[in-house]
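Given next are the chains, with one letter for each unit.
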Amino acid sequence: MTNSQNNSSVVDPRGPKPRKIMSRRNIILYGTLLVVAIYYLIPLYVMIVTSLKGMPEIRLGNIFSPPVEVTFEPWIKAWAQACTGLNCDGLSRGFWNSVKITIPSVFVSIAIASINGYALANWRFKGANLFFTILIFGAFIPYQIMIYPLVILLRDLGIYTKLPGLILIHSIFGMPILTLLFRNYFTTIPEELFKAARVDGAKFWGIYFRVMMPMSLPIFVVAIIMQVTGIWNDFLFGVIYTKPDTYPMTVQLNNIVNSVQGVKEYNVNMAATLLTGLVPLTVYFVSGKLFVKGITAGAVKG
Amino acid sequence: MFNKVQLERFFVGSVMLAFVSLVLSIVGIKSQLFQNIQYLLLFISSVIVLLIGIQSKSINFFSNRLQKQILGWLISAICSAAIWAFAQKGIQSIFPAIMGYRKAWNTLEPFALYATVVFIMFALMLIIIGARDTKIDRPGYIERFLVYNLSSKIAAMPMIFTSIGIFIIATLWTIYHSFTNSRMLPKSDFIGLGQYERLWSSDRWYMSIENLAIYGVCSLIFSLFIGFMLAALLDQKTRFENTFRTIFLYPFALSFIVTGLVWQWILNPDYGVEKIIRSLGFDSFVFNPLYNADIVIYGILAAGLWQGTGFIMCLMLAGLRGVDQEIWKATRIDGIPMWKTYIQVVIPMMRPVFVTTLVIIAAGIIKVYDLVVAQTSGGPGISSEVPAKYVYDYMFSAQNLGQGFAASTMMLVSVLIVLIPFAYLEFGRRKYD
Amino acid sequence: MNSIEINNLSLNFGDVKVLKDLNLSVNKGEFLVLLGASGCGKSTLLNCIAGLLEINDGQIYINNQNVTWFEPSERGIGMVFQSYALYPQMSVKGNLSFSLKNAKLSKDEIEKRVKHASEILQIESLLDRKPAALSGGQRQRVAIGRALVRDVEVFLFDEPLSNLDAKLRTELRVEIKRLHQKLDNTMIYVTHDQIEAMTLADRIAIMRDGLIQQLDTPKIIYSNPVNKYVAGFIGSPGMNFLKGKILQDGKPIFKLEGGWCESPDLSNYKFQETIKVEKEVWLGIRPESVVVGGEAENMPVNFNLEIEVFEPMGADTLVWSQIGGQEFRFMVDVNTSINVGGTLTVGFDPAHASIFDLESEERL
Ligand SMILES: Nc1ncnc2c1ncn2[C@@H]1O[C@H](COP(=O)(O)OP(=O)(O)OP(=O)(O)O)[C@@H](O)[C@H]1O
Ligand SMILES: [Mg+2]
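Rules used throughout
- Residues numbered from 1 in each chain as written.
- Chains lettered and ligands numbered in written order.
- Predicted model: local features only at pLDDT ≥ 70, side-chain atom pairs only at ≥ 80, totals over all residues.
- Heavy atoms only, no water.
- Helix = DSSP H or I, 4+ residues; strand = E, 2+ residues; numbered from the N terminus.
- Buried < 20%, exposed > 50% of the residue type's maximum accessible area, 1.4 Å probe, protein only.
- Contact = heavy atoms within 4.5 Å.
- Pairing = 2+ DSSP bridges.
- Axes fitted to C-alpha atoms, helices over the stretch in contact; angles between N-to-C directions.
- Buried area = accessible area lost by both parts, 1.4 Å probe.
- Salt bridge = Lys/Arg side-chain N within 4 Å of Asp/Glu carboxyl O.

Colleague: Teacher, can you tell me more about the side chain of glutamine 375 of chain B here?
Modeller: Residues and elements named next belong to chain B. Looking at the secondary structure, you find glutamine 375 in helix H18 (residues 370-375). Look at glutamine 375 and you get buried, because its relative accessible area is 2%. Not counting chain neighbours up to four residues away, the residues in contact with glutamine 375 comprise Gly260, Trp263, Gln264, Leu267, Leu290, Gly299, Ile300 and Ala303.

Here is the structure:
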């Protein structure tokens, strides 16, 4: 690799081998990475600069040029005034809907899945693995095939197009991957600990709340990160199981940007897009390694 | 005639079967046959309860060692009876508060009535069994079913309900109705393969399939290749590894809608890349993938790759880190060049990672929907349609449910074609555990 | 009175039969050690007694009560695990009181019991620490304490000392023995360390493939093993087995396969039943019961052997040699001068040997 034969042949080699910083390998390596990184960053950059420009400036300049005159008008408009159909109260409604959907869905889906995973890891009963296998298969089945029967179910239960309905849907479709995540985690907790707790007289729920849960906080955090981003970003279920009043942010964003009426205000659109992406991006940048751990653990161990 | 163990087995079996047939009949496969089977099975189980009861010598509830469980089942019976009662008009008029959920009560009514009967029967069984001779070596069948690990079984109810009640039954329901002439509402008049014939003679469906194929093959190849290359580059004890990884992965945190909209903007011919290049002096430069029917799918592909490759890179990086680090030392001593080590040693060792990644990408591809909706809405014309969108449009806009069901069944079939060999390869060899 | 009685216990994991029709009874206040090779089902048996595994057949009585269908916590047992299994998020005090809280004891009672147990085990000063802040020995003390506070009839230990280093192991071993003498509970102790078994046990049960081979006092198991497996398993270095025949020549004599100038007279060996015909056997001689030099001359059997290899082990030296092509080991005092290729006069008393049938490997 780094070869310093030529200049060191005169001196007696001693101590650490000198390394060339500008070796060919390093130039190729970091050069490639840099170019790719720029490619990955461009859309974010474009979103930000566009959302800070006024419409005249957009028409004249190009999308990459930084704003000459920074304006926050588009952001305010996107949040409070942008129109979808007849409603002109901006993305704020979608935002609050998404909050109202995400928080309970995350809570319910993780509660259910962690208990499922715990039952599967520590209290296996006959047939449990069959259900689990079906559940995992369910993660790969296209949702489209289950959509309509669920519409009927929700309609029969009287929660179609209402928030509880969507929460139920997120809990159902989040279950496979979360159950897998928790099951795999709980099986790594030494079995003797579980046995000791049983000898100490703790029962199913006692062991779950007093022994397992306090030991598994990291995996709960991972699950929360996965679910918050997943549910926030969902579009399909939002568009099917809600109505304009209860549309989550993604659906509303799409409706604002892709609505055919009126003049296209690209800066407002980009501000709206950024606003929608802000929550998962924040989660992503704050959680860092845990996010990576979550997505790889959920996937690789399958 | 029969011994106790056999009787108990029959009891549990018939109760379970009765329940399954109830579920099937409620989910829509409404036929007199199922109703009759339910009553028959319930009748059989009550006869068995009687038979076992006759065989037991004494029944004393207060010395019963299964008291707690019996009480539990009786309470469950009361609860489900209450649900049944809430569905009754008379009771609803007495308690107006429960009227708000009338639909829910009505849906649950048949289940509730049935569950009440079954729970009471369970309680009866346990009363009989708990009072009988405990000197036998092993708890009987019913006891194992109803008492052992009961909390776990109850806690797993959501999973059981989801796996059977939703994943299996909903899938079967849709498949079944894809053979009907359902339009605005699901109907059960069987018309054979009519929907499929219509599906396969539709241009739009062909376009969807073709797009999915192009998108699928390209995104498989590119995301695996790019993902692996990036992972390999980051695995060179690279400085700023974390920064680079953060940059490559952030699009994955964004939704497809956001992704689609950004790329729609960047690829916009009036303001985006095309305009910039033209303003540099190349006046005839054309780059408007989203407005050109022939290449629109590649415009979507670009956005899709931007969003997902970081994730593939992460999986690959995890795989590379899982490779025994001694390998690198060994190949360095043997003087094998790095690229050769990757191709001949590391990649074969990472086979399982590649397989799982492949399945994950494949499962993601078939679901591709939001991206298209945000970026092109299927346009121009129908040139960027995908199957998932076809299904949605037919089910919820075109009021042609049958077409939607048939298309979604086709989607399922194509997933199974990918999934079954995988499941066979991966889980067939090592037992799933 | 029996503290534990196990009748016809069977346990399968799927198709694998781990325990087969096992019977065992343990007296009140007895210290029973389960000894056996890895994977023979010791932990499984212990878990069955504790109620942590659902058995396939048989009955378990603890204190004359049929506990076969009882929950672990209802059986009046305390259990100590190899990996300590302390709850990491609870303090030592929390660990000790967890079971008592589950049993809904009063605060005062809990306090009292925790104090009592921590005094016995000398862990009073550690009560507020988390398990992560304890040494291995301290952790194991806490684990024992967790069984102690429950005030149970029976203690179950699953290799409690095997995660500790040699010195701590000896210390805690003595402490467990002291504890047993003080409390007088019934204890079942799983180990595969012979020294632990020999020093602690009132009786030892040697297990193999889910069956108990021999259940007896350490002394009898050492001197009168019921079969070749037990004989080979107990004692370190292991017993010498010489293959040969017993001939009836007025008195029973042993003829080594492969030829040997000696043909030891076995008439003072206590056969279970007299042997009439010629029989193929193993003659088992413990290395420790072989004597060397002047003493050897006084033994009923003595002969000369060439030294092949020797291993000094401190107080003694283990000498490897051969008789008629079969391996033979024995111990000599460290002061005996030996060198490879030299010869030694050795002798033994057939009365202290063990003879096993070649085929069934049962003691004759
Ligand atoms: N959960 C299980 N499923 C299947 N087989 C098992 C299970 N637990 C133990 N076994 C098998 O049962 C046999 C007995 O195991 P057990 O743990 O009782 O051995 P052990 O005597 O305690 O060994 P060690 O001294 O290594 O602890 C082993 O062959 C083991 O492979
Ligand atoms: Mg063990």
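So much for the structure itself; the text now carries on.
Colleague: Help me understand the sheet that holds strand E18 (residues 326-333) of chain C, please; the structure alone is not making it clear to me.
Modeller: The strands that make up a sheet are held in pairs by hydrogen bonds between backbone atoms, and each pair lies either parallel or antiparallel. Residue and element names in this part refer to chain C. The strand order E16-E17-E18 describes an open sheet built from three strands, whose pairing is antiparallel. Each end of this open sheet is capped by a strand with a single partner; those strands are strand E16 (309-312) and E18. Here the average twist between neighbouring strands, direction ignored, is 20°. As paired elements, E16 and strand E17 (residues 316-323) share four bridges and run antiparallel to each other.

Colleague: Sorry, what's going on with the interface of chain A and chain C here?
Modeller: Interfaces are often sized by the amount of accessible area the parts lose when they come together. Each side of the interface is counted separately: chain A has 15 residues, and chain C has 25 residues. Across the chain A/chain C interface, buried area totals approximately 1800 Å², and carbon plus sulfur atoms make up 58% of it. It is Glu192, Val199 and Asp200 of chain A that lose the most area in chain A upon contact with chain C, and together they represent 37% of the buried surface on that side. The tally of links from chain A across to chain C stands at two salt bridges.

Colleague: What's the story with the pairing of E17 of chain C in this structure? I'm lost.
Modeller: If a strand is regular, its side chains alternate between the two faces of the sheet. Residues and elements named next belong to chain C. What sits between the antiparallel neighbours E16 and E17 is a turn of three residues, in which glycine 314 has the positive phi angle 100°. Pairing of E17 with E18 involves eight bridges; the strand directions are antiparallel. Residue pairing for E18: aspartate 316 is matched across the bridge by aspartate 333. A loop of two residues connects E17 with E18, the two strands running antiparallel in sequence, and glycine 324 in this loop sits at a positive phi of about 50°.

Colleague: Would you mind showing me how to read unusual backbone geometry here?
Modeller: Negative phi values dominate among residues other than glycine, just as trans dominates among peptide bonds. Across the junction of serine 236 of chain C and proline 237 of chain C, the peptide omega takes the value -5°, indicating a cis bond. The topology assignment puts proline 237 of chain C in the loop between helix H8 (228-233) and strand E11 (240-249). Of note, the phi angle at asparagine 149 of chain B is positive, near 60°, even though the residue is not glycine. Mapped onto the secondary structure, asparagine 149 of chain B falls in the loop between helix H6 (141-146) and helix H7 (150-155). Asparagine 149 of chain B sits in the partly exposed class, given a relative accessible area of 24%. For tyrosine 84 of chain C, which is not glycine, the phi dihedral falls at a positive 70°. Relative to the helices and strands, tyrosine 84 of chain C is located in the loop between strand E6 (77-80) and helix H2 (92-102). Here tyrosine 84 of chain C falls in the buried class, since its relative accessible area comes to 9%.

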